[in-house]
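Residue-level listing of the chains:
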Amino acid sequence: MKIHMILLAAGFGSRFGSNKLLYEMGGKPMYRHTLDVMLSLAREMKDADVTVVTRYEEIYRDAKETGALCLMNRHSEQGISSSVQIGLEANLHPGKDAYYLFFTADQPELKKETVRRFLSAFLRTGKGIGCLSKNGVPKNPCVFHSCYTKELLSIQGDRGGKQVVKSHPEDVFLFEAGWQELRDIDTLDQLKN
């Protein structure tokens, strides 16, 4: 069964004061840390691919060189739902089972091993939705079986898949991970802590 890994990298980062996704951390832009985790996982897995949805030319050009499918979001002001839908629509294969694993581009401390263990445990459960979590609270990344495609495509505004997660608590698998890995960077001050 195919796993489509989709990086949502079209946010404005208004609280950061500049384009946080291009902010240099450890010798590479913030978004590149997550993209590298995804690319490495895709190489290890039998049936996985990587898609990047962005509004930034720099990210588009760089990600395209890695072999990822790159898509421009020309309507990112409509919120994260627009990126979710662009990534989904590019990877739809009606009638075929698939999983859609969404990553955000502002979690630079996320580890490949954590995502690998999460995916492995999730696939054994038979559930349709899985999220990394902290103290039982769903966080990103989140994975959805293709049976949830219609619901994901109906989300509006600056809301992602958490709306679908909340609608189906009985079908959600949570995988606990460390706070440091799961935190998303919204302000420069967070990088100092």
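Residues numbered from 1 in each chain as written. Predicted model: local features only at pLDDT ≥ 70, side-chain atom pairs only at ≥ 80, totals over all residues. Heavy atoms only, no water.

Asker: With reference to specific residues and values, describe the environment of V52.
Answerer: With respect to the helices, strands and loops of the structure, V52 is situated in strand 4 (residues 48-54). Here V52 falls in the buried class, since its relative accessible area comes to 1%. Expressed as a C-alpha distance, the spacing of V52 and L152, which sit 100 residues apart in the sequence, is 17 Å. What V52 contacts, discounting residues up to four positions off in sequence, is L7, L35, I59, A63, A68, L69, C70 and L71. (Helix = DSSP H or I, 4+ residues; strand = E, 2+ residues; numbered from the N terminus. Buried < 20%, exposed > 50% of the residue type's maximum accessible area, 1.4 Å probe, protein only. Contact = heavy atoms within 4.5 Å.)

Asker: Could you give an account of the nonpolar core, naming the residues involved and the relevant values?
Answerer: One finds M5, L7 and L101 to be the most contacted residues of the largest nonpolar core, which totals 36 residues. At the level of secondary structure, the elements contributing two or more residues to this core comprise strand 1 (2-9), helix 1 (30-44), strand 4, helix 2 (57-65), strand 6 (98-104), helix 4 (112-125) and strand 9 (172-176). With seven residues, the single largest contributor to this core is helix 1. Apart from the residues within four sequence positions on either side, L7 is in contact with Y31, T34, L35, M38, T51, V52, V53, F103, T104 and A105. Counting residues in hydrophobic clusters, the runner-up holds 19 residues, among them L88, Y100, F102 and V164. (Core = buried A, V, L, I, M, F, W, Y, C linked by side-chain atoms within 4.5 Å.)

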